[in-house]
Amino acid sequence: MDDAGLSDREQRALSAIEAELRQDRSLDRILRFGRLRHRAMAACALGAVTVGLLIAASITVSLPLIWGFAAAWTLTVAMALPLLAQWLRHRWQVREHTGRAG
């Protein structure tokens, strides 16, 4: 199975292609924000479900609804915190970049 790897010429060509793709800022933005957008939409949907469970649990005082809200709240926070941290990191980098340029 040693002959299954790439030759030196193929490895250099692959490295050149990867370097060129890394320089394409629009492709990088599309790939990065596409995944981020899906995760943000999922977090918003889960947040809406959480609010619905909170309202239903408050009105009915039903133990299964209270536990459902607790589980949904935990998932919502676990999904939203990394998104919030990524957004804050991006804002910090933009602010730092514009501060140095100005």
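Basis of the calculations
Residues numbered from 1 in each chain as written. Predicted model: local features only at pLDDT ≥ 70, side-chain atom pairs only at ≥ 80, totals over all residues. Heavy atoms only, no water. Helix = DSSP H or I, 4+ residues; strand = E, 2+ residues; numbered from the N terminus. Buried < 20%, exposed > 50% of the residue type's maximum accessible area, 1.4 Å probe, protein only. Polar contact = N/O pair within 3.5 Å; in protein donor to acceptor, adjacent residues only side chain to side chain. Contact = heavy atoms within 4.5 Å. Phe/Tyr/Trp six-rings, centres within 6.5 Å; stacked < 30°, edge-to-face > 60°. Patch = residues over 30% accessible without salt bridge, like charges linked within 9 Å, V, L, I, M, F, W, Y side chains within 5 Å. Areas by Shrake-Rupley, 256 points an atom, 1.4 Å probe, with all protein chains shown as cover. Salt bridge = Lys/Arg side-chain N within 4 Å of Asp/Glu carboxyl O. pLDDT = per-residue confidence, 0-100.

Draft legend 1. Up close: the overall build of the protein chain. For the protein chain, the helix and strand inventory stands at 3 helices and 0 strands. The buried share of the protein chain, reckoned over its 102 residues, is 9%.

Draft legend 2. Examining unusual backbone geometry more closely. With a phi angle near 50 degrees, V61 is a residue other than glycine that sits in the positive phi range. Along the chain, V61 falls in the loop between α2 (25-60) and α3 (63-101). Given a relative accessible area of 61%, V61 falls into the exposed group.

Draft legend 3. The side chain of T76, seen in detail. Mapping T76 onto the fold places it in helix α3. Engagement of the side chain of T76 in a polar contact is seen with the side chain of T50, the distance being 2.8 Å. Setting aside residues up to four positions removed in sequence, T76 forms contacts with A43, L46, G47 and T50.

Draft legend 4. Representation of the packing of aromatic side chains. For the coordinates displayed, the defined rule picks out 1 aromatic pair. Arranged with centres 6.4 Å apart and planes meeting at 25 degrees, the rings of F69 and W73 form a pair that is stacked. Residue F69 and its partner W73 are both found in helix α3; the two are separated by 4 residues, about one turn of the helix. On the accessibility criterion, F69 (22% relative accessible area) is partly exposed. Of the residues examined, W73 reaches a relative accessible area of 48% and is grouped as partly exposed.

Draft legend 5. Local environment of a nonpolar patch on the surface. On the surface, a cluster of nonpolar side chains totalling about 460 Å² of accessible area is made up of V61, L63, I66 and W67. If you trace the backbone, L63 turns up in helix α3. Here L63 falls in the exposed class, since its relative accessible area comes to 55%.

Draft legend 6. Representation of the confidence of the model for the protein chain within the structure. Here the protein chain averages 83 in pLDDT, and 87% of its residues register 70 or above. Ranking the helices and strands of the protein chain by mean pLDDT puts helix α1 (residues 8-23) first, with 86, and α2 last, with 84.

Draft legend 7. Inspection of the side chain of T50 at higher detail. Position of T50 among the secondary structure elements: in helix α2. Sequence-distant contacts of T50, that is, excluding residues within four places in its chain, are made with F69, A72, W73 and T76.

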